[in-house]
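Reading the structure
Residues per chain, in single letters:
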Amino acid sequence: MSTAAEFSSLFSRNLRKNYPIAVRGEGSWIIAADGRRYLDASGQAAVVSIGHGVAEIGRAMAEQSNQIAFAHTSQFHSAPAEKLAARVLAIAPRNFHNGGRVYFTSGGSEATETAIKLVRQYFLETKQPGRYRVVSRKQSYHGSTLGAMSVSGNIARRAPYAPMIPEWGHVSPCFCYHCPFGKTYPECSLACADDLDVFLRNNDASSVAAFIFEPVVGATLGAVAAVDGYTARIAEICRKHGILLIADEVMSGMGRTGKPFAGQHWGLEPDIILTGKGIASGYAPLGAVLVAPHVAEAYEKGSAAFMHGFTYQSHPVSTAAGNAVFDYLEAHKLFERVTPAGEILRKALSAVEGHPNVGQVRGLGLLQAVEFVKDKSTREPFPKEAGIAEKIRQAALEKNVLTYPTQGCVDGMHGDHILLAPPFILTAQESQLIANAVKYALDKVFSA
Ligand SMILES: Cc1ncc(COP(=O)(O)O)c(C=O)c1O
């Protein structure tokens with residue numbers, strides 16, 4: 001049994017585990033202090049888009065830091081923040097183009113917190129003070145702070161803090177493989193989208209400010225994309241009830257699914273978009289809240305002052321990193337690379353699709369997942385205690401491949417999958433290494 005690492009002064013994620021020290025990154029690889037090389041098949045947590053160790057990002061950050069590292073947003077704006085805001089809005093859906101605004105945070109959870117407060121104050125500005133609840137979906141994740149937890153539907157991550165977080169309502173996810181209604185698309189007529197309408201009609205819609213969802217659910221369901229028609233129906237229901245629509249693209253945004261924002265696969269025009277992770281590819285802590293013009297305008301015509309703030313919002317060095325990452329994505333045409341690289345990975349993974357314990361290989365672009373089932377024909381999951389996702393992760397690690405395991409996709413407790421979200425520079429050879437490691441893990445875990 002492993003014991004607490006004696007040398008560590010860090011309050012680590014698991015005090016019983018020893019963590020290797022990462023010392024260097026090269027493309028899709030992380031090199032540890034002992035020289036071991038890991039293939040980063042999950043982009044850590046779907047963060048790393050341009051790859052590790054790109055020297056010009058560090059140079060751009062150093063240059064900004066030498067010029068001016070910090071200026072408080074109550075007194076100054078900075079050129080890199082202004083520039084990045086304009087660039088992010090330019091790749092956002094059309095409804096953000098004329099008069100949209102961006103609020104930069106230090107990560108995804110802060111972006112969710114900001115959005116929850118922003119929609120609340122929007123309804124104060126527009127003289128509808130009774131609206132404050134933010135409805136969300138089951139099996140979703142929007143961040144680890146208490147406000148973000150209140151809208152998350154990830155049971156395991158919520159459980160310890162349940163007494164401390166409000167329950168504003170969670171509706172069904174859009175998840176055909178384990179349809180919560182036992183229906184089949186398209187005969188279902190999008191019952192999962194209509195679940196929002198049913199919920200609002202039965203639960204005091206007049207107190208609801210917004211609905212938040214992930215157009216492609218990342219960690220919690222494992223790369224589950226909305227079906228055609230779903231996002232349009234959701235947008236229509238929000239409009240009908242006079243509530244704002246927040247698309248959480250912290251994981252799926254900034255090119256990861258083959259479009260700048262995943263909602264663009266379906267022409268979605270939400271009122272607010274959250275992004276993070278890939279926006280600085282892990283080179284700096286950075287998140288963003290994109291605000292549609294009509295929402296910003298309500299503030300402009302009202303108090304103009306958002307009662308919210310972080311010391312490090314719109315940080316000059318973090319936004320300089322964001323710009324340098326953007327330059328790199330453009331110079332190397334990496335957004336365009338995601339769809340073909342995703343197809344190559346998917347093809348490599350097709351070798352494991354027939355395995356009796358692989359339920360589904362799914363995803364969009366370079367946000368993919370493999371779900372493991374006890375019974376392929378009934379899609380029955382393994383018992384939670386079997387810890388299948390973690391066992392697969394450990395076995396793949398023997399082949400030096402890093403994956404992101406999660407449990408709970410079926411009902412919040414059961415269901416095992418690993419998420420694969422590699423850097424956009426992944427080569428065909430590296431895709432094959434990932435597929436080989438998954439195959440090795442399946443053989444190891446299920447032959448016992
Ligand atoms: C969809 C989604 N929203 C929000 C978050 C929270 O972001 P962060 O961990 O940067 O605070 C995450 C993180 O995994 C996420 O996947």
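Small disclaimer: the values here were computed from a predicted structure and weren't measured. (Residues numbered from 1 in each chain as written. Predicted model: local features only at pLDDT ≥ 70, side-chain atom pairs only at ≥ 80, totals over all residues. Heavy atoms only, no water.)

A few words now on the site of the ligand. In the neighbourhood of the ligand, the contacting residues comprise Gly-107, Gly-108, Ser-109, Tyr-141, His-142, Gly-143, Glu-214, Asp-248, Val-250, Met-251 and Lys-277. Asp-248 has a polar side-chain atom sitting 2.7 Å from a nitrogen atom of the ligand. A distance of 2.9 Å separates an oxygen atom of the ligand from a polar side-chain atom of Lys-277. Computed on the free molecule, the ligand has an accessible area of 400 Å², of which 83% lies beneath the protein chains in the complex. Tallied by class, the residues present in the shell around the ligand amount to three nonpolar, five polar and three charged. (Near = heavy atom within 4 Å. Polar contact = N/O pair within 3.5 Å; in protein donor to acceptor, adjacent residues only side chain to side chain. Areas by Shrake-Rupley, 256 points an atom, 1.4 Å probe, with all protein chains shown as cover. Nonpolar A, V, L, I, M, F, W, Y, C, P; charged D, E, K, R; others polar.)

Checked against the element boundaries, Thr-220 lands in the loop between strand S8 (216-217) and strand S9 (224-225). On the basis of relative accessibility, which here comes to 3%, the residue Thr-220 falls in the buried class. Sequence separation between Thr-220 and Glu-430 is 210 residues, and the spatial gap between their C-alpha atoms is 25 Å. Ignoring sequence-local partners within four residues, the contact set of Thr-220 consists of Gln-139, Ser-140, Tyr-141, Asn-154, Thr-406, Gly-408, Cys-409 and His-417. (Helix = DSSP H or I, 4+ residues; strand = E, 2+ residues; numbered from the N terminus. Buried < 20%, exposed > 50% of the residue type's maximum accessible area, 1.4 Å probe, protein only. Contact = heavy atoms within 4.5 Å.)

Here the focus is the side chain of Ser-49. Tracing the backbone shows Ser-49 in the loop between helix H1 (43-46) and helix H2 (55-67). If near-sequence neighbours (up to four positions away) are discounted, Ser-49 is found in contact with Arg-256, Gly-278, Ser-281, Val-325, Leu-329, Pro-423, Phe-424 and Ile-425.

What follows concerns a nonpolar patch on the surface. Together, Leu-146, Tyr-161 and Met-164 make up an exposed nonpolar region whose accessible area comes to about 300 Å². Considering the arrangement of structural elements, one finds Leu-146 in helix H5 (residues 146-151). Judged by its relative accessible area of 41%, Leu-146 is partly exposed. (Patch = residues over 30% accessible without salt bridge, like charges linked within 9 Å, V, L, I, M, F, W, Y side chains within 5 Å. Salt bridge = Lys/Arg side-chain N within 4 Å of Asp/Glu carboxyl O.)

What follows concerns the pairing of strand S13 (residues 358-364). Across six bridges, S13 lies against strand S14 (residues 367-372) in antiparallel orientation. Residue Arg-362 lies in a different strand from S14, and its bridge partner there is Ala-369. The turn linking S13 back onto S14 is made up of two residues, and Gly-365 within it adopts a positive phi angle of 60°. (Pairing = 2+ DSSP bridges.)

Our focus in this paragraph is the sheet that holds strand S1 (residues 22-26). Pairing is mixed in the open sheet, where four strands are placed in the order S1-S2-S3-S15. Across the chains shown, the open sheet's two edge strands, defined by having one partner strand only, are S1 and strand S15 (401-402). In this sheet, strand S2 (residues 29-32) lies alongside S1 in antiparallel orientation, the contact comprising four bridges. Across the sheet, residue Gly-25 finds its bridge partner in S2, namely Ile-30.

For the rest of this paragraph, the subject is the packing of aromatic side chains. Applying the stated criterion across every chain, the model contains seven aromatic pairs. On the basis of an interplanar angle of 75° and a centroid distance of 5.7 Å, the ring pair of Phe-70 and Tyr-312 is categorised as edge-to-face. With a gap of 242 residues between them, Phe-70 in the loop between H2 and helix H3 (79-91) and Tyr-312 in the loop between helix H9 (293-301) and helix H10 (316-331) connect regions that are remote in the sequence. Taking the centre distance of 4.9 Å and the plane angle of 85° together, the rings of Tyr-122 and Phe-123 count as edge-to-face. Here a set of aromatic residues connected by ring pairs shows up, and it is made of Tyr-103, Tyr-299 and Phe-306. The cationic tip of Arg-131 hangs over the ring face of Phe-123; the distance from NZ or CZ to the ring centre is 5.5 Å. One Lys or Arg, Arg-157, reaches over the ring of Tyr-141 and ends 4.2 Å from the middle of that ring. (Phe/Tyr/Trp six-rings, centres within 6.5 Å; stacked < 30°, edge-to-face > 60°. Lys NZ or Arg CZ within 6 Å of the ring centre and 35° of its normal.)

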